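Observations on chain architecture
Okay, here's what each chain looks like letter by letter:
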Amino acid sequence: MELMNNAADSGVSEIANYYAGKTILITGATGFMGKVLVEKLLRSCSDLSAIYLLIRTKKGVEPAVRKEQYFKCVIFSKLLEKNPDIVNKVRVVKGDVLEPDLGLDTNDINTLASNVEIVFHCAANVRFDQPLRPMVNMNVLGVLKVLQLAEKMANLQALVHVSTSYCQCNESVLEERAYPAPQNPFDVIRMVETMDDAGLAEITPKLLNGLPNTYAYSKALSEDLICRYNKKLPVIITRPSIVTAAIHEPMPGWIEGVNGPTGLMIGAARGVIRSMHCNPDFASTVIPVDKAINGMILCGFKRGQATAESKANSEQNQVEFCNLCISSKALMSWGESIETGRKFFYETPLSFALWYPGGSIKRNYYHHLFCVIFFHYLPAYFIDFWLLLFGQKPFLVNVQRKISTGLKLLQYYTTKDWDFRNDKFQEMSHTLNATDQELFDTSVSQVNWETYISNYIRGMRTFILGESDATLPYAKIVLRRLYILDWVSKILLFSLTFWFLWTHLDGFVEKSDAFIRASLNSIYSERNVTVLT
């Protein structure tokens, strides 16, 4: 305790000291979480020796060129202004998780095996709509290749694997421990290698056994696979929940990609999503990306310390688990999040929208389905019809089909009350000194969620849609026009409905009355009794 207090008083970061001089390998570095991880390590652990990034050739662009493009990302701007030479610590190795031996040549394998001490395996296929083969190839077989490479690393201290809190969806409670997969991961790999697409598609529902998609299934398999390397490698499996925009670092509201809540926000802001099946009382199980990344770095630090202790005591490694989640009590509910987002949509609207943002979440699936038909598809068909009349290419029906597919995939997660235990995650952060608690902050006790959502929406406008604050005056004019158009349409619709009922009501009543009279007379005709005349 005294040593910890001395470290805190002197402003020394134990975590930065641990990473100093270390050589790190990161897969998936070009992804959303990967970029934040690289930026954070370079900024807060700048004394590290080197970071190797496994990067593949993409669309004919070689990894070396991609590295130059990589550091043009806005999140590296402040870092490079202060320390432009820090990029020299980042080295690219040409490789691909989908290739044999990760696509590495012999020299690169030897270099990594001789030097790397910490591995962050972030590479994954995170789509919810993929068939089994690409998911297994990336998320299971890819993990196996990383484990095989890690076995060759003589100085490995920690392998941090990024899984997901939704890897065991059939469990009522997700604890920070191992769970057996539905099938043997090696058997599933062999099936994918030998069966054709039709056979895999036929057997997939049986393999999933209630899991919502192949993503969750592949993550369950990969965890089981890693556990089979228990005692061989110093692994810690991290399970982040829904990773959303940054709350503080590298800049408030920074976001990349349109997966999960971000895609819903864009659709709602454009006025094309007007209904969502969701229980508004359940916690919105999100975690800002910077909190998740700090947790991953913390896990690497703790796992590395445990490895050193195990070697000192001649003990064998054990796979560890850490759920990178925020306690439900500290989170806003889905209903609160969506209502707060709606308020800020009107303050920071988009410059282009198809209709005035509106709609709501629905507890009842059939109520949601009714709204999808009348407020998603019917307007889409109507607008596409007019586009055809004016010689334009229709597009909105296809957009709504994609939206409906996305909503069906997401509603599984928004209609279930998730219970993720995070005792180890909280305990690890509580053991840090004051300097590290500030530098690698994972707490959310002081989070202003309204400010966070406001920054999230601004980040979505800026970093994904390319709309700066300078476009806000025009966007507000567009919103005002859509508001007027929305009300004019509603008044017109109600007026037409009222007119139709008013002009046809008398005839409808007469016909109904005649029908009832005829029916009753028919019933009693056999008795020669006229009931109504």
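Report follows, based on the coordinates. Remember, predicted model here, so these are calculated numbers, not experimental data. (Residues numbered from 1 in each chain as written. Predicted model: local features only at pLDDT ≥ 70, side-chain atom pairs only at ≥ 80, totals over all residues. Heavy atoms only, no water.)

**Some thoughts on the overall build of the chain**
What counts here: Numbered from the N terminus, helices here are DSSP runs of H or I no shorter than four residues, and strands are runs of E no shorter than two. Exposure is judged per residue with a 1.4 Å probe applied to protein chains only, and the accessible area is read against the type maximum: over 50% gives exposed, under 20% gives buried, and values in between give partly exposed. By the convention used here, residues are in contact when the closest approach between their heavy atoms is within 4.5 Å. All accessibility values rest on the Shrake-Rupley procedure with a 1.4 Å probe; residue burial counts only the protein chains present in the view. Here Asp and Glu are counted as negative and Lys and Arg as positive; His is not counted, and neither are the chain ends. By convention, charge coordinates are those of NZ in Lys, CZ in Arg, CG in Asp, or CD in Glu.
From N to C terminus, the chain includes 19 helices and 11 strands. With the principal axes as the frame, the chain shows a C-alpha extent of 105 × 55 × 50 Å. Counting over 533 residues, the chain shows a buried share of 49%. Sequence separation of 24 or more characterises 83% of the internal contacts of the chain that already satisfy a separation of 6 or more. Accessible area for the chain stands at about 26,600 Å²; split by element, carbon and sulfur atoms hold 56% of it. Side-chain charges of the chain comprise 54 positive and 53 negative groups, with the mean position of each set lying 5 Å from the other.

**Notes on the pattern of salt bridges**
Side chains that differ in sign of charge can pair as their charged atoms come close. Spelled out, the test is: A carboxyl oxygen of Asp or Glu within 4 Å of a side-chain nitrogen of Lys or Arg is what we treat as a salt bridge.
Tallied over the full model, the rule gives 19 salt bridges. Where K291 meets D441, a salt bridge forms, and the shortest distance between an N and an O atom there is 2.8 Å. Taken together, the residues span a long stretch of sequence, with K291 in helix α12 (residues 289–312) and D441 in the loop between α17 (434–439) and α18 (449–464) at a distance of 150 residues. Assessed through its relative accessible area of 22%, D441 is described here as partly exposed.

**Some remarks on the side chain of K219**
So the rule is basically this: In the analysis that follows, any N or O atom pair within 3.5 Å is treated as a polar contact, provided that within protein one partner can donate a hydrogen and the other can accept it, and provided that, for residues neighboring in sequence, both atoms belong to side chains.
One can find K219 in helix α10 (residues 214–227). Here K219 sits buried without a salt bridge, and the closest side chain of opposite charge, E223, lies 7.9 Å off (N-O distance). At a separation of 3.0 Å, a polar atom in the side chain of K219 contacts the main-chain carbonyl oxygen of V162. With near-sequence residues (within four places) excluded, K219 lies in contact with A124, V162, S163, T164 and C167.

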